[in-house]
Amino acid sequence: MTYYYKLGNIPHKRHTQFRQPNGSLYHEELMGMRGFSGIQSLLYHLRPPTQIYKILEQTTVDILCEESSPLRHRHLRTGTVEAGKDAIQARIPLLTNADVCISVARPTESMSYWYRFAHGDEVIFIHNGTGVLESQYGIIRYRAGDYLVIPTGVLWRIIPDTNIEQRMLVIEANGHVEPPTRYLNRYGQFLEHAPYNERDIRPPEELVSHDEAGEFEVRVKARDRITSYLYHYHPLDVVGWDGHLYPFALNIEDFEPITGRIHQPPPVHQTFEAPGFVLCSFVPRFFDYHPQAIPAPYNHSNVDSDEVIYYVAGNFMSRKGIEQASITIHPGGIPHGPHPGMYEGSIGKERTEELAVMIDTFHPLQLTKHAIELEDKDYAYSWIA
Ligand SMILES: [Fe+2]
């Protein structure tokens, strides 16, 4: 994140003696991006974070993709995917390329292990549900509408509240997920015109340091496999940390829409950027106020990107036949636009209640075999009047 934060106890000076009540040293761990030149945080552990005593099975992560099919607009109905398992095992990968993997998940159980993704940051959009994201940095209570942004290397697990249905959209980036540079001043602070700012970012709220012996498992996803590491001590033994690198939550309701007299293009909805894609939030807002305005978007040819929209709630202004948790994919190469009647029908409307998350990728996405099973095969022809 863009600002400095700290939790727990840290010494006045970095890399100096910081002692536990029994006189032994706390163990520093620097977690940083881009080899010591990016954002970083310094954590203080009760024990060295390096004490692996066993390395277990290696599960290969093999995502089966559709072999080939004619380029067309696609619609996936993910509303009915099966619920079960924990927040990692429940993931159903749907769309993937070298930059990003997009999955949905409906977990019902807590993770019995901790997890780390080694190749990039993850964004978990909470469509529905509440619970806790626990990490070495402390805990974040999550709720519907939260983007949970988890930097690569963070050790975490999700403990969902089991009395409420959980539904998540998961975006794994091959790189770092950041606020768009144009929202920040040269000091890294959000500018006045940015649609969200520091007050909307929720860093970990409480640090709980565990001093427990036993058997603790950490699963690391790296190089297309998940490897298990066993430790004799609880991995969440941090007593304090400070820096700019930490997981955070941003609720989509705190994204302030930018509106205009005439239709505003998708970049006004941009929330994050990452290598090879951007993430945008479409939120309830007033429509355009030019007396002759057409609020629905115009037809467009996104010639060098694939547009993925995940529909959260409300009535999406330009689409028919879309359900909550539907995903549409409008690939580069063919134009798309509002369904028949939608732009005429939008004239004179004052506001929209739509809530959706868009991911635009700059390299083509492949659909997985799971995605094909959820496909509404008629969607490509749904613009015929
Ligand atoms: Fe579009």
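My aim in this report is to walk through the structure given alongside it, one point at a time. Bear in mind that the values here come from a model prediction, so they are computed numbers and not experimental data.

### What about the sheet that holds strand β7 (residues 100-105)?
At step 1: Ordered by their spatial adjacency, 8 strands build an open sheet running β15-β19-β12-β9-β14-β7-β6-β27, and the pairing between neighbours is antiparallel. A strand with exactly one partner marks an edge of an open sheet, and here the two such strands are β15 (201-202) and β27 (366-367).
At step 2: Here strand β9 (residues 122-128) pairs with strand β12 (residues 146-150) via 4 bridges, running antiparallel. Of the residues in β12, the one forming a bridge with I124 is L148.

### Some remarks on the pairing of β9
Each regular strand carries side chains that alternate between the two faces of the sheet.
At step 1: A large share of β9 lies buried, amounting to 6 of its 7 residues.
At step 2: Across 6 bridges, the pairing between β9 and strand β14 (residues 167-173) is antiparallel. The residue of β14 that forms the bridge with V123 is I171.

### Some words on the pairing of strand β13 (residues 156-160)
At step 1: In terms of residue burial, β13 counts as a mostly covered element, since 4 of its 5 residues are buried.
At step 2: Sheet topology places strand β10 (residues 131-135) next to β13; 5 bridges connect them, and they run antiparallel. Along β13, the bridge assignment pairs V132 with I159.

### A few points about the pattern of salt bridges
At step 1: Per the stated rule, a full pass over the model turns up 20 salt bridges.
At step 2: Across the pair E205 and R141 runs a salt bridge, and its minimum N-O distance is 3.3 Å. Taken together, the positions of E205 in the loop between β15 and β16 (213-222) and R141 in strand β11 (residues 138-142) put the pair 64 residues apart, joining distant regions of the chain.
At step 3: A salt bridge links E217 to R219; the nearest nitrogen and oxygen atoms lie 2.8 Å apart. Per residue, the accessibility class of E217 equals that of R219, and both read buried.
At step 4: When salt bridges with common partners are traced through the structure, they connect E66, R72, R74, E375 and K377 into a single cluster.

What counts, and where the lines are drawn
Residues numbered from 1 in each chain as written. Predicted model: local features only at pLDDT ≥ 70, side-chain atom pairs only at ≥ 80, totals over all residues. Heavy atoms only, no water. Pairing = 2+ DSSP bridges. Helix = DSSP H or I, 4+ residues; strand = E, 2+ residues; numbered from the N terminus. Buried < 20%, exposed > 50% of the residue type's maximum accessible area, 1.4 Å probe, protein only. Salt bridge = Lys/Arg side-chain N within 4 Å of Asp/Glu carboxyl O.

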